[in-house]
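Overview (structure and organization)
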Amino acid sequence: MKIKIGGKYFIYFNGFAVVQKLDSVASTFTFVARFDPTDKESRIMFKPYSYPDVEVYTDEGKLLLTGSIVTHEFNSDAAPKLVKVSGYSAGGILEDCQIPLANYPLENLQGNLKDISNKLLKIFDLSLKIDASAAKECSLNYEKSVCEPTETIKEYLSKLASQRNVVMSHDINGNIIYFKPNINAKSKYYFTDENTVDMALTANGQGLHSSVSVIRQPSHGNSGVETKDTVNITLCKKHRTSVKKMSSGEDTNTARAVKSAMAAELKSLGVRVSLSEWLEDIKCGDIVDIHNHEIYLFYRVRFIVTEIEYQQNQQEKTMDITVMLPEAFTGDIPKNIFDYDDNVKSKELHH
């Protein structure tokens, strides 16, 4: 791993980790370094609240992250002086900041996701990239959108993006990206219990319902629009109901809103895959297949990569990959991947 702080390579560090996420405006990083208070360059690099620029590379020179240091933890004891450093890629500032008073008003009339985003990202010198898969949705106008004064910019923009079923993400250069995952893409890897260190599947039943409904109040502006919609999730085997109410400021129909609500519920299911090496050709948004009876995946199932954690210390380099159902990002109804027929041993389930 290579780190560049303020345009200069920094060599003396350990315990490094980078976490990349699919539906996030920033990746994160942490590392531990030796701090020499007598050295001027060390004092400049690790000065609290200075937010120095950071670039993170693999040993082979592949860029993983562009951002800044945000947090320092200094200690003074008998051991060598160490500082734990953490930060995020450039878009992370959107998670911490609200719209400045100088950029009021907070209401946008007949604006679209592209224009609203560019206006707000410009405040923090960030750039927007829109994938062709989301170009149409990003150009559709909202009748009205309002950001609450206490909402962070990330909360506001991700709310608007979800209304269009568009994923808000970022790239290694710190740009903000809007796109729709290609769930029909060819699988990049096939993971089993034989080619991984370990796997873990988490299925949080509290986050899933057998039916999800969305209702909206009729108004003069949407008198011809359906005021309710329901979708059934066969993955849930118990009668559990969820009803959500759309606010008057949301410019979308209930069919689109209920797909977004169901997609959010499907994020209650995730699989973590641990590896003893870095797979540098895999990225968030890729499709992988997993088959492992020990985590109740009796068939080969397609998943989408939602998080990648690179870890490195003096002894080893490891990687954790988190995946979810592709439908958690499309709002489509998934097949029940846990339906198992003891009489069909070679059956494979695909989405």
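The structure contained in this document is the topic of the report that follows. Because the structure is predicted, anything quoted here is derived from the model rather than measured.

Right, let's talk about the overall build of the chain for a bit. Helix and strand counts for the chain come out as seven helices and 21 strands. Taken against the 2.2 N^0.38 rule, which gives 20 Å for 351 residues, the C-alpha radius of gyration of the chain at 23 Å falls within 12% of a compact globule. Residues counted as buried form 46% of the 351 residues belonging to the chain. Element-wise, carbon and sulfur atoms account for 49% of the exposed surface of the chain, whose accessible area totals about 18100 Å².

Our focus in this paragraph is the nonpolar core. Among the nonpolar cores identified, the biggest contains 65 residues, and Phe31, Phe46 and Phe303 are the most heavily contacted of them. Among the elements that make up this core, the one with the highest residue count is strand E20 (residues 297–312) (seven residues). Ile99, Leu106, Leu157 and Tyr178 belong to the second largest nonpolar core, which has 25 residues in total.

Under the counting rule described, the total for this entry stands at one cavity of 30 Å³ or more. If you add up the space inside the largest cavity, you get close to 60 Å³. Ile99, Asn103, Pro105, Leu106, Asn108, Ile116, Lys119, Leu120, Cys147 and Tyr156 together form the lining of the largest cavity. Here the element with the most residues in the lining of the largest cavity is helix H3 (residues 113–121); it accounts for three residues. A breakdown of the residues in the lining of the largest cavity according to their chemical character gives seven nonpolar, two polar and one charged.

If you walk across this open sheet you meet the three strands as E9-E12-E11, and the pairing is mixed. Each of the sheet's edge strands pairs with one partner strand only, and the pair in question is strand E9 (128–130) and strand E11 (167–170). Each strand of the sheet is rotated relative to its neighbour by a mean of 25 degrees, with strand direction disregarded. Summarising the sheet, E11 and strand E12 (residues 176–179) pair through four bridges and their orientation is antiparallel. Along E12, the bridge assignment pairs Val167 with Phe179.

As summarised here, the arrangement of the three strands in space is E16-E15-E17, forming an open sheet in which the pairing is mixed. The sheet is open, and its two borders are formed by strand E16 (228–232) and strand E17 (241–245), each paired with just one other strand. Adjacent strand axes in the sheet meet at a mean angle of 15 degrees, parallel and antiparallel pairs treated alike. Pairing geometry for strand E15 (residues 211–215) and E16, over five bridges, is antiparallel. Looking at the pairing, Ile215 lines up with Lys228 of E16. Where helix H6 (residues 254–266) meets the sheet, its contacts fall on E15, E16 and E17, and the angle it forms with E15 comes to roughly 140 degrees.

Any aromatic ring pair is given by two values, namely how distant the centres are and how the planes are angled relative to each other. What the rule picks out here adds up to 12 aromatic pairs. Ring centres of Phe35 and Phe46 lie 6.4 Å apart, and the angle between their planes is 85 degrees; this geometry places the pair in the edge-to-face category. Taken together, the residues span a long stretch of sequence, with Phe35 in the loop between strand E4 (28–34) and helix H1 (40–45) and Phe46 in the loop between H1 and strand E5 (53–57) at a distance of 11 residues. Given a relative accessible area of 1%, Phe46 falls into the buried group.

Right, let's talk about the pattern of salt bridges for a bit. Across all of its chains, the model carries 11 salt bridges by this definition. Here Lys8 ties to Glu41 by a salt bridge, and the two come within 3.4 Å at their closest N and O atoms. Taken together, the residues Lys8 in strand E2 (residues 8–10) and Glu41 in helix H1 connect sequence positions 33 residues apart. With a relative accessible area of 39%, Glu41 lands in the partly exposed category. Across the pair Asp339 and Lys237 runs a salt bridge whose closest N-O atoms are separated by 3.9 Å. Separated by 102 residues along the polypeptide, Asp339 in the segment after helix H7 (327–330) and Lys237 in the loop between E16 and E17 bring together distant segments of the chain. Each of Lys188, Lys283 and Asp286 takes part in one network of salt bridges that share partners.

A word on H6. Here H6 spans 18 Å end to end across 13 residues, near enough to the 18 Å set by a 1.5 Å rise per residue. Taken as a whole, H6 has its buried residues at Thr254, Ala257, Val258, Ala261, Met262, Ala263, Glu265 and Leu266.

So, how was this worked out
- Residues numbered from 1 in each chain as written.
- Predicted model: local features only at pLDDT ≥ 70, side-chain atom pairs only at ≥ 80, totals over all residues.
- Heavy atoms only, no water.
- Helix = DSSP H or I, 4+ residues; strand = E, 2+ residues; numbered from the N terminus.
- Rg over C-alpha atoms; globule rule 2.2 N^0.38 Å.
- Buried < 20%, exposed > 50% of the residue type's maximum accessible area, 1.4 Å probe, protein only.
- Areas by Shrake-Rupley, 256 points an atom, 1.4 Å probe, with all protein chains shown as cover.
- Core = buried A, V, L, I, M, F, W, Y, C linked by side-chain atoms within 4.5 Å.
- 1 Å grid on protein atoms, 1.4 Å probe; cavity = no way out; pocket = protein on both sides within 12 Å on 5 of 7 lines; lining within 4 Å.
- Points joined across faces, edges and corners; volume = space filled by probe spheres on them.
- Nonpolar A, V, L, I, M, F, W, Y, C, P; charged D, E, K, R; others polar.
- Pairing = 2+ DSSP bridges.
- Axes fitted to C-alpha atoms, helices over the stretch in contact; angles between N-to-C directions.
- Contact = heavy atoms within 4.5 Å.
- Phe/Tyr/Trp six-rings, centres within 6.5 Å; stacked < 30°, edge-to-face > 60°.
- Salt bridge = Lys/Arg side-chain N within 4 Å of Asp/Glu carboxyl O.
- Expected span 1.5 Å × (residues − 1).

Shape is all these values report; function is a separate question.
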